[in-house]
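A closer look at the structure
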Amino acid sequence: MGGVAGVEMKYALKKATTWGTPVAAGANDGLLLLPTGIRAGDAQLDIDDSQGLFFSADGTPGPVKIEGDLPGYLRYDGCDLLLALFMGSIGTARALHAAGAASYDYVYDLDTDTDGLFGTLVRHWKNYVEEIRSVKIAGITIKGERGKPLQLIAECIGDHAAYDGTNTASTFNNVTIRETRNRIHFAQSVFRMNSQSGAALQASDAIYPNSFELTAKRKLTGVYSGALTTGGTTPRDIIDEPTNDGMPEITLKLGFPTHTSKTRLTDLGSDARKKCDITFTGGIIEGAIPRLFKLEFPHLQMKSVDVVDEAGIIKEPVEFVCHTASAAPTGMTGVTKPFRISGTNQLAADPI
């Protein structure tokens, strides 16, 4: 039996309904990922270090918590479940785009909690299938730089891994990937920003960063309540579904290739609040309807303008904290949470 290479790895994510109970992945549940950071092979051994023992004689497997990240390229189609499980709210029910027959508009808003929103992550390791029975999306990072495709990194908290259980090599034969093309590229972007209290964003408000990074993290904690264990002859405690344990942290970083004026430093000093949108336009779905992916920020507060005196071209990295808005700014109807994701793709049904 041959070993497994990364190019042979296959992944799937299926929305589940009961924490701790896996579901079988199938059609359109496949994921295209980069090498992942989520690990299940750690027993968390508690070694018996009693005095009187020179060498350890025994250890007890500790409680189970599986954490790590799922990195991949951000795509116009295929990332909806990851995004929706984190955002928590379908702001507007998915509907056909005007004059379309296979193009659907969607909106994902940040909800105050994501209770009941999780999935089963499946990894086909060529010779066997691993399932992390319940996985919660605790954070997302969307980032990109000029000349490259965007990346989506999902930060996960899982409960327990099983092998060839509900998901097997046989059931994985039913897994298909919704779409394997149409990565989102930085070159497809338009960035716009102006005063939060100003007029609706327009072409004259365009800005030209050469990189950006949106980081949104919910502070979620799973509790070892004693209600869940691995069972068997050596049971180990398993976390309940992670829930809110503090305020989310949401930031937006923009990297500008050159430092040309004092404008942003002045804005920082005067605490000038901003609004911003970032729109990516991809290939045509049908007729004249393109794929779209949009981020909207109704209330940005500058945290830093880190201009560094160095050899060569001096860059201008800017970091913002993303706040809620007391009211939707002009041109951002209904957008009051720290950010909104919207767009157009070919997924017909709401993922959550």
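Everything in this summary refers to the structure shown in the same document. Just so we're clear, the structure is a prediction, and the values are computed from it rather than from any experiment.

Let us now look at the overall build of the protein chain. If you tally the helices and strands in the protein chain, you get three helices and 21 strands. Radius of gyration (C-alpha) of the protein chain: 23 Å, near the 20 Å computed for a compact globule of 352 residues. Along the first, second and third principal axes, the C-alpha set of the protein chain runs to 70 × 55 × 40 Å. Out of the 352 residues in the protein chain, the part that is buried amounts to 44%. In the protein chain, the proportion of contacts linking residues at least 24 apart, taken out of those at least 6 apart, comes to 72%. Element-wise, carbon and sulfur atoms account for 51% of the exposed surface of the protein chain, whose accessible area totals about 16,800 Å². Measuring between centres, the 34 positive side-chain charges of the protein chain sit 7 Å from its 41 negative side-chain charges.

So, on to the layout of surface pockets. Taken as a whole, the largest pocket holds about 440 Å³ of empty space. Taken together, 28 residues make up the lining of the largest pocket; nearest its centre are Asn28, Asp29, Gly78, Leu81 and Arg178. Secondary-structure elements contributing two or more residues to the lining of the largest pocket are strand S1 (10–15), strand S2 (30–31), strand S5 (66–73) and helix H1 (80–87). Top element by residues in the lining of the largest pocket is S5. It accounts for four residues.

Moving on, we come to a negative patch on the surface. On the surface, Asp46, Asp48, Asp49 and Asp58 cluster together to form a negatively charged patch. Within the fold, Asp49 resides in the loop between strand S3 (46–47) and strand S4 (59–60). The exposure class assigned to Asp49 is exposed, which follows from its relative accessible area of 69%.

Attention now goes to H1. Residues separated by three or four positions in an α-helix point in the same direction, a consequence of the helix having 3.6 residues per turn. For H1, a buried count of eight out of eight residues is recorded, marking the element as mostly surrounded by other parts of the structure. For H1, the full list of buried residues reads Asp80, Leu81, Leu82, Leu83, Ala84, Leu85, Phe86 and Met87.

Applying the stated rule across the entire model yields 11 aromatic pairs. Here the aromatic residues Phe186, Phe191, Phe212, Phe280 and Phe293 are joined through ring pairs into a cluster of three or more. The residue whose ring lies beneath Arg183 is Tyr73, and the NZ or CZ to ring-centre distance is 4.5 Å. Taking the ring centre of Phe256 as reference, the NZ or CZ of Arg264 above it sits at 3.6 Å.

Time to look at the side chain of Arg133. Mapped onto the secondary structure, Arg133 falls in strand S9 (residues 129–145). Among the polar contacts listed, one links the side chain of Arg133 to the side chain of Asp159, at a separation of 2.9 Å.

What follows is about the nonpolar core. Within the largest apolar cluster, 61 residues are counted, with the highest numbers of intra-cluster contacts made by Ile142, Phe212, Phe293, Leu295, Phe297 and Phe339. If you tally residues by element for this core, the top one is H1, at seven residues. Those residues within four positions of Leu295 in sequence are excluded, and the remaining contacts are Ile142, Phe212, Leu214, Cys276, Asp277, Ile278, Phe339, Arg340 and Ile341. Trp19, Ala138, Ile157 and Ile239 belong to the second-largest nonpolar core, a separate cluster that totals seven residues.

Turning to unusual backbone geometry, a few remarks are in order. Unlike most non-glycine residues, Ala99 shows phi in positive territory, near 70°. Tracing the backbone shows Ala99 in the loop between strand S6 (88–96) and strand S7 (104–110). The phi torsion at Asp271 lies on the positive side, around 55°, for a residue other than glycine. Here Asp271 lies in the loop between helix H3 (263–269) and strand S18 (274–286).

The tally for this structure, following the rule as stated, stands at 17 salt bridges. Glu155 serves as the salt-bridge partner of Lys217, at 3.8 Å between the closest nitrogen and oxygen. Highlighted residues: Lys217 in strand S14 (residues 211–217) and Glu155 in strand S10 (residues 151–158), separated in sequence by 62 residues. Residue classification places Lys217 among the partly exposed residues on the basis of a relative accessible area of 39%. We note a salt bridge from Asp277 to Arg192, for which the minimum N-O separation is 2.7 Å.

The next point concerns the state of the cysteines. Tallied over the full model, the rule gives zero disulfides. Between Cys276, a cysteine without a disulfide, and Cys322, which holds the nearest cysteine sulfur, the sulfur-to-sulfur distance is 9.0 Å. By relative accessible area, which is 7% here, Cys322 ends up buried.

This part covers the environment of Ser204. Position of Ser204 among the secondary structure elements: in the loop between strand S12 (189–195) and strand S13 (206–207). Look at Ser204 and you get exposed, because its relative accessible area is 62%. Sequence separation between Ser204 and Asn194 is 10 residues, and the spatial gap between their C-alpha atoms is 9.6 Å.

Definitions and cut-offs
- Residues numbered from 1 in each chain as written.
- Predicted model: local features only at pLDDT ≥ 70, side-chain atom pairs only at ≥ 80, totals over all residues.
- Heavy atoms only, no water.
- Helix = DSSP H or I, 4+ residues; strand = E, 2+ residues; numbered from the N terminus.
- Rg over C-alpha atoms; globule rule 2.2 N^0.38 Å.
- Buried < 20%, exposed > 50% of the residue type's maximum accessible area, 1.4 Å probe, protein only.
- Contact = heavy atoms within 4.5 Å.
- Areas by Shrake-Rupley, 256 points an atom, 1.4 Å probe, with all protein chains shown as cover.
- Lys, Arg positive; Asp, Glu negative; His and termini not counted.
- Charge placed at Lys NZ, Arg CZ, Asp CG, Glu CD.
- 1 Å grid on protein atoms, 1.4 Å probe; cavity = no way out; pocket = protein on both sides within 12 Å on 5 of 7 lines; lining within 4 Å.
- Points joined across faces, edges and corners; volume = space filled by probe spheres on them.
- Patch = residues over 30% accessible without salt bridge, like charges linked within 9 Å, V, L, I, M, F, W, Y side chains within 5 Å.
- Salt bridge = Lys/Arg side-chain N within 4 Å of Asp/Glu carboxyl O.
- Phe/Tyr/Trp six-rings, centres within 6.5 Å; stacked < 30°, edge-to-face > 60°.
- Lys NZ or Arg CZ within 6 Å of the ring centre and 35° of its normal.
- Polar contact = N/O pair within 3.5 Å; in protein donor to acceptor, adjacent residues only side chain to side chain.
- Core = buried A, V, L, I, M, F, W, Y, C linked by side-chain atoms within 4.5 Å.
- Disulfide = S-S within 2.5 Å.

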